[in-house]
Amino acid sequence: MNNDIFLTNNLTNKKEKFVPLDQKNIRMYVCGPTVYDDPHIGNARPIVVFDILYKIFKKNYPKVTYVRNITDVDDKIIKSSKENNISISELTNKVTESFSEDCNYLNCETPTHQPKATENIDLMIKMVSELIKKGFAYENNKHVYFEVKKFKDYGQLSNKKLEDLVAGSRIEVSDNKKNSEDFVLWKPSENDEPSWESPWGKGRPGWHLECSAMSKKFLGDEFDVHGGGIDLLFPHHENEIAQSRCANDTKVFANFWLHNAFITMSNEKMAKSQGNILKIKDFRSKINGQILRLALMSAHYKQPLDWNDKLLKDSQDTINKWYNVYIDIKDEIDISNEILQPLYDDLNTPGYIANLHQLYEKANKGNDQDKAIFVSACQFVGLLYEKKEDWLNSKMSKASISEKEILLKIDDRNKARDNKNYKEADKIRNELLDKGVLIEDKGDKTTWKFK
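Residues numbered from 1 in each chain as written. Predicted model: local features only at pLDDT ≥ 70, side-chain atom pairs only at ≥ 80, totals over all residues. Heavy atoms only, no water.

### Details of unusual backbone geometry
Residue Pro235 is bonded to the preceding Phe234 through a cis peptide linkage, with omega at 5 degrees. Non-glycine residue Lys142 carries a positive phi angle of around 70 degrees. A positive phi angle, close to 60 degrees, is found at Lys420, a residue other than glycine. Counting through the fold element by element, Lys420 comes out in the loop between α15 (403-418) and α16 (422-434). Residue classification places Lys420 among the exposed residues on the basis of a relative accessible area of 61%. (Helix = DSSP H or I, 4+ residues; strand = E, 2+ residues; numbered from the N terminus. Buried < 20%, exposed > 50% of the residue type's maximum accessible area, 1.4 Å probe, protein only.)

### Focus on helix α3 (residues 88-105)
Between its terminal C-alpha atoms α3 stretches 25 Å, which fits the 26 Å expected from 18 residues at 1.5 Å a residue. Taken as a whole, α3 has its buried residues at Ile88, Leu91, Thr92, Val95, Thr96, Ser98, Phe99, Asp102, Cys103 and Tyr105. Residues of α3 that are buried make contact with α1 (41-60), β4 (64-68), α2 (75-83), α8 (281-284) and α9 (289-297). Just downstream of α3, Asn107 is the residue with a positive phi angle, here 55 degrees. (Expected span 1.5 Å × (residues − 1). Contact = heavy atoms within 4.5 Å.)

### Here we look at α16
A rise of 1.5 Å per residue sets the reference length of α16, with its 13 residues, at 18 Å; its end C-alpha atoms lie 18 Å apart and thus fit the reference within 8%. Residues of α16 that are buried include every one of Ala425, Ile428 and Leu432, and no others. For α16, the buried positions fall inside an angular range of 65 degrees around the axis, keeping them on one side. Turned more than 90 degrees away from the buried face of α16 sit Lys423 and Asp434, all of them exposed. In the core, the buried residues of α16 are packed alongside α15 and β14 (437-442). Gly436 sits one or two residues past α16 and shows a positive phi near 85 degrees. (Arc of directions from axis to C-beta.)

### As for the sheet that holds strand β3 (residues 26-30)
Read from one edge to the other, the open sheet built from four strands follows the order β4-β3-β9-β10, with strand pairing classed as parallel. Only two strands of the sheet have a single neighbouring strand rather than two, namely β4 and β10 (254-260). Each strand axis lies, on average, 20 degrees off the axis of its neighbour in the sheet, ignoring direction. Looking at chain direction, β3 and β4 are connected through five bridges and run parallel. Its bridge partner being in β4, Val30 is matched across the sheet by Arg68. With respect to the sheet, helix α7 (residues 233-248) is in contact with β9 (223-229) and β10, its orientation differing from that of β9 by roughly 160 degrees. (Pairing = 2+ DSSP bridges. Axes fitted to C-alpha atoms, helices over the stretch in contact; angles between N-to-C directions.)

### Brief notes about the pairing of β4
Regular strands show a simple pattern: their side chains alternate between the two faces of the sheet. For β4, the tally of buried residues reaches five of five residues, placing the bulk of the element in the interior. The alternating pattern of β4 places Val64, Tyr66 and Arg68 on one face and Thr65 and Val67 on the opposite face, and all of these are buried. In the classification by handedness, the crossover that spans β3, the intervening α1 and the parallel β4 is right-handed. (Right-handed = clockwise from strand over helix to strand, strands pointing away.)

### Focus: the sheet that holds strand β13 (residues 305-306)
Strand order in this open sheet of three strands is β12-β11-β13, and the pairing throughout is mixed. The outermost strands of the open sheet, each flanked by one partner alone, are β12 (268-269) and β13.

### Focus: the packing of aromatic side chains
Under the definition given, this model contains 18 aromatic pairs. With a centroid separation of 6.5 Å and an interplanar angle of 75 degrees, the aromatic rings of Tyr154 and Phe234 are classed as edge-to-face. Of this pair, Tyr154 sits in the loop between β6 (143-146) and α5 (162-168) while Phe234 is found in helix α7, placing the two residues 80 residues apart along the sequence. Among the residues examined, Tyr154 registers a relative accessible area of 10% and is labelled buried. Within the aromatic cluster, the residues linked to one another by ring pairs are Phe18, Phe57, Tyr61 and Phe256. Geometry around Tyr54 places Lys58 over its ring, the cationic atom sitting 4.7 Å from the centre. (Phe/Tyr/Trp six-rings, centres within 6.5 Å; stacked < 30°, edge-to-face > 60°. Lys NZ or Arg CZ within 6 Å of the ring centre and 35° of its normal.)

### Considering the pairing of strand β2 (residues 14-17)
Bridge count for strand β1 (residues 6-9) against β2 is four bridges, and the pairing is antiparallel. The residue bridging Phe6 from the neighbouring strand is Lys17, located in β2. In this antiparallel pair of consecutive strands, β1 and β2, the connection spans four residues, and Asn13 shows a positive phi of 55 degrees.

### Section: the packing of α2 against α3
How two helices pack is summed up by the angle between their axes together with the distance between the axes. The contact between α2 and α3 brings their axes to 9 Å, and the two run at 105 degrees. Here α3 runs roughly perpendicular to α2, going by the angle between their axes. Between α2 and α3, the residues in contact are Ile77, Ile78, Ser80 and Ser81 and Ile88, Leu91 and Thr92, respectively. Its residues assigned to classes, the contact of α2 with α3 shows four nonpolar, three polar and no charged. (Parallel < 35°, antiparallel > 145°, perpendicular 65-115°, else oblique. Nonpolar A, V, L, I, M, F, W, Y, C, P; charged D, E, K, R; others polar.)

### Things to note about empty space enclosed by the protein
The full count for this structure, using the stated rule, is one cavity of 30 Å³ or more. Estimates place the volume of the largest cavity at around 60 Å³. Looking at the largest cavity, the residues that line it are Val48, Val49, Ile52, Leu296, Met297, Ala299, Tyr301, Leu347 and Thr349. Those elements that place two or more of their residues in the lining of the largest cavity are α1 and α9. Top contributing element to the lining of the largest cavity by residue count: α1, with three residues. (1 Å grid on protein atoms, 1.4 Å probe; cavity = no way out; pocket = protein on both sides within 12 Å on 5 of 7 lines; lining within 4 Å. Points joined across faces, edges and corners; volume = space filled by probe spheres on them.)

### So, the pattern of salt bridges
Under the defined criterion, the tally for this structure stands at 33 salt bridges. Asp37 serves as the salt-bridge partner of Lys279, at 3.1 Å between the closest nitrogen and oxygen. Here Asp37 lies in the loop between β3 and α1 and Lys279 lies in the loop between β12 and α8, a separation of 242 residues in the sequence. We classify Lys279 as partly exposed; its relative accessible area is 21%. Where salt bridges share partners, they join Asp51, Lys55, Lys58, Glu109 and Arg293 into one cluster. (Salt bridge = Lys/Arg side-chain N within 4 Å of Asp/Glu carboxyl O.)

See the structure below:
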């Protein structure tokens, strides 16, 4: 029997019970990266949020089809390739690889399909042709636009009237459009830009069209969940709904729309213009991915998450503590619904972390079975997936001191204590503490661990 899962649906602005279109195959689409630059920590949030949703669905249903696209043709990519003086293919391959490494670093599962826009241009051309044929799109001067006022439900997702959306958004101005709110489906390419042959001349697809074509290919005309960052709600997701429903003759595109909130720094939105971009790859050599993953789970996905050193320090301390009761799990342990309940209630990760803390306290005082339950509950959300020795080794490799140096310092301290030079002994203890090493004296033996 499946457990009741509740999700906040931005299409209705309500928390609703999740009812799948097909119990045998849950279908979800999440907007992936536009590969013009290495992903930043703000991009990491949807990667982790929807990875957890994927795990919840897989726990409750026999099959889950998870699609996350790669946008590898876009104005930003063309601009970035010129600025960096490298070819578009070199840029997109490099950034796609970096994104894949980031996902592995954050211990995210690989989606069922990761289609690239450039591999599906024929489907986009077909969808544009369909929209023209049905009277929802028009061609002018080798451009094709979707005529927004022809779709009566436009603005339903963003919960605004069309005139408000037009007034309050940065809409591309063009003499080729009938109306300012119309958005591009196809446009001509310059000589040095990527291009494909089409009925409207050599050109390339509009960004919004790409997701509509790829979701249709792998998930059909209607599917269960569409996700992404809150910045994509308008115009990207609003436009996807318009063109997909009109091309496919459906009353629904996706049943549930989920959007994660921004990551901020000092409560400012992370943005290039702010100069506060933190790239995921810059953390890889310094911090274990589990620490970032726990930090990203620390706030509810609908709430902004402020990124700071204390958040990382608290996450590191928590993972360190939890590894004290780590145990290798031989047999799979079924995690109770009581433990998982917060995740079933709109992906309440802070509530689930609170449950993990309670399980840790029990494991710390309990037997191997208690420890196994705790470790299983951590692993369900992608934590404590490394063996304890691997965790310690990864910490050591990222520490500013080697094991050999630690042992030499401990030896020096022991000699100082033997000589009753307690001031020197305390100094060495504090030096080790500054480098993240905690030492403990038990009788005549001194042990150490990373704090």
